[in-house]
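Next come the chains, spelled out residue by residue.
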Amino acid sequence: QVQLVESGGGLVQSGGSLRLSCLASGSTSNIRATAWFRQAPGKEREGVSCINSIGSTYYADSVKGRFTISRDNAKNTVSLQMNSLKPEDTATYYCATGQFCTVGGGTAGRNFWGQGTRVTVSS
């Protein structure tokens, strides 16, 4: 069993930055990939970015060049640095674990989810 806790969401103006963190606990040795998803009201959930066990990273086209996923200094923590934020980035962001990263920034064989953290970007 894996528990995931997201943090770092908030309100930011267009063009600003936020850093999200995903802290994993429990049976973390079985984690192969960690991804960020997001879902806006009335929209389908979409993959944002993913990092796998060897450090390869993947991004959705909509965030490539603006967002960066990485291992945080804290153990079992993955961070998402979000720069040049746009109003269309407004959503609840979820951390998830799976077996593999997908090209579009999600995961295949997703196993566990966090509760989400809200990001609001104002115009």
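Structure: see above.
Student: When you look at the nonpolar core in this model, what are you seeing that I'm missing?
Tutor: Nonpolar side chains tend to gather and get buried jointly when the protein is soluble and globular. Counting 25 residues, the largest nonpolar core has Trp36, Phe67, Leu80, Met82 and Tyr93 as its most contacted members. Sorting the residues of this core by element identifies β1 (2-7), β3 (18-26), β5 (46-52), β7 (67-71), β8 (77-82), β9 (91-98) and β13 (117-122) as the ones contributing at least two each. Ranked by the residues each element gives to this core, the list is headed by β3, at 4 residues. Sequence-distant contacts of Tyr93, that is, excluding residues within four places in its chain, are made with Glu6, Leu20, Trp36, Phe37, Arg38, Val48, Phe67, Met82, Gly116, Thr117 and Val119. By size, the runner-up hydrophobic cluster in this structure holds 6 residues, among which are Ala35, Cys50, Ala96 and Cys101.

Student: When you look at the environment of Thr57 in this model, what are you seeing that I'm missing?
Tutor: Position of Thr57 relative to the elements: it lies in strand β6 (residues 57-59). In this structure Thr57 comes out as partly exposed when scored by relative accessible area, which is 36%. A C-alpha to C-alpha distance of 21 Å links Thr57 and Thr92, two positions 35 residues apart in sequence. Non-local contacts of Thr57, meaning those with residues more than four positions away in its chain, are made with Cys50, Ile51 and Ile69.

Student: Is there a simple way to explain the pattern of salt bridges in this structure?
Tutor: As a working rule, side chains carrying opposite charge can pair if their charged atoms are close by. Taken as a whole, this structure holds 4 salt bridges when the rule is applied. Between Lys64 and Asp61 there is a salt bridge, with the nearest N and O atoms lying 3.8 Å from each other. Overall, the relative accessible area of 69% leaves Asp61 in the exposed class. Here the residues in one salt-bridge network are Arg38, Glu46, Arg66 and Asp89, joined through shared partners.

Student: What's the story with the side chain of Ser49 in this structure? I'm lost.
Tutor: Locating Ser49 in the fold gives a position in strand β5. Residue class for Ser49 comes out buried when judged on its relative accessible area of 0%. Within the local environment of Ser49, its side chain forms a polar contact with the backbone oxygen of Tyr58, the two atoms lying 3.0 Å apart. If we ignore the near neighbours within four places in the chain, the residues touching Ser49 are Thr34, Ala35, Trp36, Tyr58, Tyr59, Ile69, Leu80 and Gly105.

Student: I tried to follow the state of the cysteines on my own but got confused; where do I start?
Tutor: Throughout this description, disulfide means a covalent bond between two cysteine sulfur atoms. Tallied over the entire structure, the rule returns 2 disulfides. Sulfur-sulfur distance for the disulfide between Cys22 and Cys95 comes to 1.9 Å. Of note, the bridge from Cys22 to Cys95 carries an S-S torsion of about -80° and is left-handed in sense. With a gap of 73 residues between them, Cys22 in strand β3 and Cys95 in strand β9 connect regions that are remote in the sequence. With relative accessibility at 0%, the residue Cys95 sits in the buried group. The residue that forms a disulfide with Cys50 is Cys101, at a sulfur-sulfur distance of 2.0 Å. Disulfide Cys50-Cys101: torsion about the S-S bond near -75°, hence left-handed. With Cys50 in strand β5 and Cys101 in strand β10 (residues 100-101), the pair connects residues that are 51 residues apart, well separated along the chain. Each member of the pair, Cys50 as well as Cys101, is classed as buried. By sequence order of its bonded cysteines, the protein has the disulfide arrangement 1-3, 2-4.

How each quantity is defined
- Residues numbered from 1 in each chain as written.
- Predicted model: local features only at pLDDT ≥ 70, side-chain atom pairs only at ≥ 80, totals over all residues.
- Heavy atoms only, no water.
- Core = buried A, V, L, I, M, F, W, Y, C linked by side-chain atoms within 4.5 Å.
- Buried < 20%, exposed > 50% of the residue type's maximum accessible area, 1.4 Å probe, protein only.
- Helix = DSSP H or I, 4+ residues; strand = E, 2+ residues; numbered from the N terminus.
- Contact = heavy atoms within 4.5 Å.
- Salt bridge = Lys/Arg side-chain N within 4 Å of Asp/Glu carboxyl O.
- Polar contact = N/O pair within 3.5 Å; in protein donor to acceptor, adjacent residues only side chain to side chain.
- Disulfide = S-S within 2.5 Å.

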